[in-house]
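Listed here are the chains, written in short residue letters.
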Amino acid sequence: MTDRELLHRIERSAGQRAGYKQLVRELGLGGGRERRMLLEQLDRMTARGELVRSDRDHWALPQAASRSNLVAGRLDVHRDGFGFVRPETRQAGGDDDIFIPPNEMNGAMQGDQVLVELAPPRADGRHSGRIARVLNRRNPTVVGIFHYALHEHAQGNTVTPLDERMTQPILIPFGLEQAPATVGGTPHRVVSENKGRSETGIAESESGLEGMVVDVEITDWPTPSRPARGRVIEVLGREDDFGVDVEIVIRKHHLPHVFPLNVLDEARAVAQLDEEEAASRRDFRQLPIVTIDGETAKDFDDAVFVRQHGGAGGTWELQVHIADVAQYVTPGTALDLEARLRGTSVYFPDRAVPMLPQELSSDICSLRPGEDRLVLSCIMMIDPDGEIRSYEVTPGVIRSVRRMTYTQVHAVISGDQQTREEFGPLVAEFERMYELARLLHKKRQRRGSIDFDLPEPVIEFDSQGAMQSIVRSERSWANRLIEEFMLSANECVASWLQNLDVPSLYRIHEKPEARRVVEFESVAAGFGYSLGLGPLPVKRMTMKSERREMRSRGGGRSAGQGRQPREYEVPEDIPVTPRMYQQLALKIAGKPEERILAHLMLRSLRQARYSEKNEGHFALAAPCYTHFTSPIRRYPDLIVHRIAKAVLASGASGTGVLAKQTGKALRHSEIGHEGPISEVELAGIAYESSQAERRAEDAERELMEWKKVKFMQDRIGDDFDAMILSVTKYGCFVELDNLFIEGLVPIMSLQGDHYTFRENTRQIIGEHSGRRYSMGDRVRVVLDRVDSVQRRLQFSILEEVAPVRLARPAKAKAKVKSGSGKAHPYIPPKNKVLRKGKQKAKSKRPGKKRG
């Protein structure tokens, strides 16, 4: 059943509502797989706002749900106990988050899916309410610090969650504080070696667990009158022990990290090359095909080869060979289910959580040099202008001749004589790759593709695994040529499946929201830049809640007096194009303000996601795009491989033309009804994969910030050059040069005047001196405090150094809300540092990292 048909069925139900059991009965769903797919479809439509969850097992159309005072959404809890619920369907033109007071939580926890009973709207139009019930719990386990009971009358021991948004401790009844000997079928493991502990990690003495980081399974959810209860299932070690930070983040974000035994057994069984299968494929083993990856990479899922036909000025041939993971991970197997659950590999600075077991990811699927490997290849013919004129998708077998690193290839194309001599026979290959990559890059620039070259931090470790420095990642043309080749292959495969009208997964990037574009334009104007939009069309509107309030008070026209509903100006659809972003990125390239404006430009764009519907890719200025080139580490790529192989097996041609399809396009009926995978199932996979990607990004970002705070712990009192990234009523957020480390300069710490925040100009201004602190200003700051619990850094500005303004701020064109809206209270500095006349020791460790 399609989404449209399901909506129509619910629309015809009483009250435009339907329950899960009702739908199962009406649709005649018998098997567990069909019922699971129905739940996935309902959840996906709810996430898109097409349905609203009105109860644990009931869904309604948004207009039906709006007639009641119950709203479903996700709860975000503040560390001070209150929270906000973001409704699953949001009204245009306003901030519809619902405020939940601390006494109205009703046992809900951070991230839970809840049903809110709305209170009458307040005078300012904002909503508040109480949580009527919890629909879905997000945290079956919680990681935190274990504490033994302080007195004999206590009901048990406690665990204080490390997530500050979980404001109440978890009660551990006596006897449930000992971790079992096995967890998930694998031996229980403690990261650190502590005295007084056994090999299984169970405390041998009564005091062994005090202050330890533990993972707790919730056995009883909290109620308004009692806290949550749980049992310890894993002991991780002390918070400051080596490696414990990674273990904490993995469990905090609920990342699957232990492969079940049946998955490992299956991986070992299939990890063998089928010689008959290899013999039946197109043979590329005689070509000098190479892999190019980072120095620490172990899974090589792409290999490339370039040659030119007809001499200089002739046609280019680009071969991109991708590991055929679909040959080993087949639908419905334990391997497949585990890969879908994980969705993606997660990469931390010092370790990775792979999507597939090592037997596949680093062995039979990895395109290791000198070994025969099965691949799915995309062969592209490219004209001298970089335009792809034709392509072919085909199964193949390759034997890589060399495992190259980005550093080595960069040295070759940069003319390093020693490196060129080392790789003599391959030097000409890399020079051709470099030339073709530049042509492809120019082609993308002509069509308006956005290319943000934002530096990223890389943490370097010493031989003992301790953090040594934070450095800037290097993105050379060796990195870029692989990026260009992979972009081309992804676009060709997406175009091929689209032209065949085969249901598939696409990587889409939607046009940015008008509100975010207007906000960015307002900030950019302060630096003298613009996207070149011209006059922005706006529409005036009033909030429905305010109109109701005025009617209830007898206000409005009939009353003749009194306050009228406030009007809001909301930008209508803005004709923004990727070329506008591209041109502005080129203007600011190399300028001091590039870092901050490029970051804000990126924030104004939507996040890319997976979808079963092709809606194009805004940032790449591509009408059709997918992910095909990383099936070892991304589940959507594996799905695209399965679809491609099924289409080829049906007898369909693997050739196509990127710019315009010629000849007869193959329809669904010619490859088997709706294709290898139905659109409904693809929609579920797209939603799950997008969520898994967000989860991985959040975990990677949190650990990186944690590592940065640890890196700065022994640098209290040191001073640094910094840039002001944003200005809020709490103070200035600054970023240290070259270290990519952020922190807060509280407004109360600014000395010599009384400073206030001006929202219309986004500046902090001294009332008497007129001294201003603005976004983009260069300042010298001192590290005053490291808050290791909340993982935040607090700085103060050296008094003798006046801020260096990058550009004279122009008057803001629009009043836009500044900052994240989250509270950042002033933390009194622990170590007071003299501001004048005292020399500071500069940080001895600059920062860098490779992406």
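The shown structure was predicted, so the numbers you read here are calculated from the model rather than taken from an experiment. For every chain, the first residue of the written sequence is number 1, and numbering continues from 1 along that sequence. In view of the model being predicted, local features appear only for residues whose pLDDT reaches at least 70, and side-chain atom pairs are presented and counted only at 80 or more, with totals across whole chains, interfaces and linings using the full set of residues. Only hydrogens and water are removed before side-chain values are computed, so all heavy atoms of the structure are retained for them.

Student: In this structure, what is going on with the overall build of the protein chain? I would like to understand it.
Tutor: The helix count covers DSSP runs of H or I at least four residues long, the strand count covers runs of E at least two residues long, and both are numbered beginning at the N terminus. Across its full length, the protein chain carries 20 helices and 39 strands. Think of it in three bands: residues with accessible area under 20% of the maximum for their type are buried, residues over 50% are exposed, and the middle band is partly exposed, with areas taken using a 1.4 Å probe on protein chains only. Taken over 851 residues, the protein chain has a buried fraction of 52%. The contact definition used throughout considers only heavy atoms, calling two residues in contact when any of these lie within 4.5 Å. A fraction of 70% describes how many contacts in the protein chain between residues 6 or more apart in sequence connect residues 24 or more apart. Note on areas: Shrake-Rupley, 1.4 Å probe, and residue coverage restricted to the protein chains presented here. Counting only carbon and sulfur atoms, one obtains 49% of the accessible surface of the protein chain, whose full area is about 39500 Å².

Student: Looking at this structure, I do not really get helix H2 (residues 20–27). What am I missing?
Tutor: For an α-helix, the turn length of 3.6 residues means that residues three or four places apart are oriented alike. Listing the buried residues of H2 in full gives Tyr20, Leu23 and Val24. In a view along the axis of H2, the buried residues occupy a sector of 100 degrees, so they form one face of it. Turned more than 90 degrees away from the buried face of H2, the exposed residues are Lys21 and Arg25. A positive phi of about 65 degrees marks Gly28, the residue just after H2. Think of it as the arc spanned by the lines of direction from the helix axis to the C-beta atoms.

Student: I would appreciate a short explanation of helix H12 (residues 427–447) in the present structure.
Tutor: An ideal rise of 1.5 Å per residue puts 30 Å on 21 residues; H12 measures up with 31 Å between its terminal C-alpha atoms. Of the residues making up H12, those classed as buried are Val427, Glu429, Phe430, Met433, Leu436, Ala437, Leu439, Leu440, His441, Lys443 and Arg444. Following H12 by one or two positions, Gly448 adopts a phi angle in the positive range, close to 100 degrees. Expected span, for any helix, means 1.5 Å times one less than how many residues it has.

Student: Explain the pattern of salt bridges to me, please; I cannot follow it from the model alone.
Tutor: Side chains that differ in sign of charge can pair as their charged atoms come close. Take a side-chain nitrogen of Lys or Arg and a carboxyl oxygen of Asp or Glu: if they are within 4 Å of each other, that pair is a salt bridge. Applying the stated criterion to the full structure yields 58 salt bridges. Taking the shortest distance from any N to any O, the salt bridge between Arg792 and Glu164 comes out at 3.4 Å. Of this pair, Arg792 sits in strand S39 (residues 792–797) while Glu164 sits in the loop between strand S10 (156–161) and strand S11 (170–173), and the two are 628 residues apart along the sequence. For Arg792, a relative accessible area of 25% translates into the label partly exposed. Accessibility expressed as a relative area gives 31% for Glu164, which makes it partly exposed. Here Asp698 and Arg701 are joined by a salt bridge, their closest N and O atoms 3.0 Å apart. Of this pair, Asp698 and Arg701 both sit in helix H20 (residues 679–712), three residues apart, roughly one helical turn. Owing to a relative accessible area of 37%, Asp698 belongs among the partly exposed residues under this scheme. A network of salt bridges, in which partner residues are shared, links Glu234, Glu247, Arg251 and Arg351.

Student: Is there a simple way to explain the side chain of Asp787 in this structure?
Tutor: Structurally, Asp787 can be placed in strand S38 (residues 778–787). Any N or O atom pair separated by 3.5 Å or less is treated as a polar contact, with the protein-specific requirement of one donor-capable and one acceptor-capable atom, and with residues adjacent in sequence counted only for side-chain atom pairs. Within polar-contact distance, the side chain of Asp787 engages the backbone nitrogen of Gln790 at 3.1 Å.

Student: Looking at this model, I keep getting lost on the packing of aromatic side chains. Mind explaining?
Tutor: Pairs of aromatic rings are described using the distance from one ring centre to the other and the angle between the two planes. Only Phe, Tyr and Trp rings are paired, with Trp represented by its six-membered ring, and only when their centres lie within 6.5 Å; those with planes under 30 degrees apart are stacked, over 60 edge-to-face, the remainder tilted. Counting across every chain of the model gives seven aromatic pairs. Centroid distance Phe146 to Tyr148: 4.8 Å. Interplanar angle 80 degrees. Geometry classified as edge-to-face. Of the residues examined, Phe146 reaches a relative accessible area of 0% and is grouped as buried. Measuring from centroid to centroid gives 6.0 Å for Tyr581 and Phe618, while their planes differ by 90 degrees, and the two rings are edge-to-face. Of this pair, Tyr581 sits in helix H16 (residues 578–588) while Phe618 sits in the loop between strand S30 (609–611) and helix H18 (635–649); the two residues are 37 residues apart in sequence, bridging distant segments of the chain. Judged on exposure class, the residue Tyr581 and its partner Phe618 are both buried.

Student: Is there a simple way to think about the confidence of the model for the protein chain in this case?
Tutor: Low-pLDDT stretches of the model should not have their predicted coordinates read in fine detail. A residue's pLDDT is the predictor's confidence in that residue, given on a scale from 0 to 100. Residue-level pLDDT values for the protein chain average 82, and 82% of them are 70 or greater. Counting interchain partners and residues more than four positions distant, the pLDDT-below-50 stretch residues 659–673 has 20 contacts. The low-confidence segment residues 808–851, where pLDDT is below 50, has 118 contacts with residues more than four positions distant or belonging to other chains.

Student: Can you help me understand the sheet that holds strand S36 (residues 763–766) in this one?
Tutor: Backbone hydrogen bonds are what pair the strands of a sheet, in a parallel or an antiparallel way. Strand order in the open sheet formed by three strands is S35-S36-S37, with antiparallel pairing between adjacent strands. On the outer flanks of this sheet lie strand S35 (755–758) and strand S37 (772–774), each paired with one strand and no other. When the angles between neighbouring strand axes are averaged without regard to direction, this sheet yields 20 degrees. Inspection of the sheet shows S36 paired to S37 by three bridges, in the antiparallel sense. Within S37, the residue paired with Ile764 across the bridge is Tyr773. We treat two strands as partners when DSSP finds at least two bridges between them. Orientation is described by axes fitted as lines to C-alpha atoms, over the contacting stretch for helices, and by angles from 0 to 180 degrees between their N-to-C directions.

Student: Please explain the state of the cysteines as it appears in this structure.
Tutor: Note: disulfide means a covalent bond formed between the sulfur atoms of two cysteine side chains. Two cysteine sulfurs form what is called a disulfide whenever their separation falls within 2.5 Å. Tallied over the full model, the rule gives zero disulfides. With no disulfide of its own, Cys378 lies closest to Cys492 among cysteine sulfurs, the gap being 4.6 Å.

Student: Mind showing me how you'd approach the environment of Val397 here?
Tutor: Relative to the helices and strands, Val397 is located in strand S23 (residues 388–399). Sequence separation of Val397 and Asp283 is 114 residues, and the distance between their C-alpha atoms is 5.3 Å. Setting aside anything within four residues of it in sequence, one finds Val397 in contact with Ala278, Arg281, Arg282, Asp283, Phe284, Arg285, Asp372, Arg373, Leu374 and Val375.

Student: Explanation requested: the pairing of strand S2 (residues 52–55) in the structure shown.
Tutor: When a strand is regular, its side chains alternate between the sheet's two faces. Sheet topology note: the S2/strand S3 (residues 58–60) ladder contains three bridges and is antiparallel. Its bridge partner being in S3, Val52 is matched across the sheet by Ala60. What sits between S2 and S3 in their antiparallel hairpin is a turn of two residues.

Student: Would you take a moment to explain the environment of Met601 for this structure?
Tutor: Mapped onto the elements of the fold, Met601 is located in helix H17 (residues 594–604). Judged by relative accessible area, which is 0%, Met601 ranks as buried. C-alpha separation for the pair Met601 and Val517, spaced 84 residues apart in sequence, amounts to 8.6 Å.

Student: Honestly, the packing of H16 against H17 in this entry has me stumped. Any pointers?
Tutor: For any two helices packed against each other, the geometry comes down to the angle between their axes and how far apart the axes lie. Two elements in contact, H16 and H17, have axes separated by 10 Å at closest approach and are oriented at 165 degrees. One finds that H16 runs roughly antiparallel with respect to H17. You can see that H16 and H17 cross each other, and the crossing is left-handed. Together, Tyr581, Leu584, Ala585 and Ile588 of H16 and Glu594, Leu597, Ala598, Met601 and Ser604 of H17 make up the contact between the two elements. Side-chain classes follow a simple rule in which Ala, Val, Leu, Ile, Met, Phe, Trp, Tyr, Cys and Pro form the nonpolar group, Asp, Glu, Lys and Arg form the charged group, and the remainder, Gly included, forms the polar group. Of the residues contributing to the contact of H16 with H17, the split by class is seven nonpolar, one polar and one charged. Here the angle decides the label: under 35 degrees means roughly parallel, over 145 means roughly antiparallel, 65 to 115 means roughly perpendicular, and every other value means oblique. Crossing handedness: left-handed means the near helix sits turned counterclockwise from the far one by under a right angle, and right-handed means the same turn made clockwise.

Student: I tried to follow the side chain of Glu234 on my own but got confused; where do I start?
Tutor: For Glu234, the location among the structural elements is in strand S15 (residues 229–237). A distance of 2.9 Å separates polar atoms of two side chains, one belonging to Glu234 and the other to Arg251.

Student: Please explain the pairing of strand S18 (residues 302–309) as it appears in this structure.
Tutor: In this structure, S18 lies alongside strand S19 (residues 315–323), joined through eight bridges in antiparallel fashion. Following the sheet pairing, Arg307 is matched in S19 by Glu317. Hairpin connection, S18 to S19: the antiparallel pair is bridged by five residues, and Gly310 has positive phi, about 85 degrees.

Student: Just checking my understanding: could you explain the nonpolar core for this structure?
Tutor: Put simply, buried Ala, Val, Leu, Ile, Met, Phe, Trp, Tyr and Cys residues joined by side-chain atoms within 4.5 Å make one nonpolar core. In this structure, Ile292, Leu360, Met380, Phe430 and Phe485 are the most contacted members of the largest nonpolar core, which totals 91 residues. Take this core: its biggest share by element is 11 residues, from helix H13 (residues 477–499). Excluding residues that lie within four positions of it along the chain, Phe430 makes contacts with Val290, Ile292, Met404, Val409, Val412 and Ile413. Among the nonpolar cores identified, the runner-up in size contains 30 residues, and Val517, Val518, Tyr581 and Phe618 belong to it.

Student: How do you make sense of the sheet that holds S3 when you look at a structure like this?
Tutor: Within the open sheet, the three strands sit side by side as S1-S3-S2. Their pairing is antiparallel. Looking at the sheet topology across the chains shown, the edges are occupied by strand S1 (17–19) and S2. On average, adjacent strands in this sheet sit at an angle of 35 degrees to one another, irrespective of strand direction. Of the strands in this sheet, S1 and S3 touch H2, which is tilted by about 80 degrees from S1.

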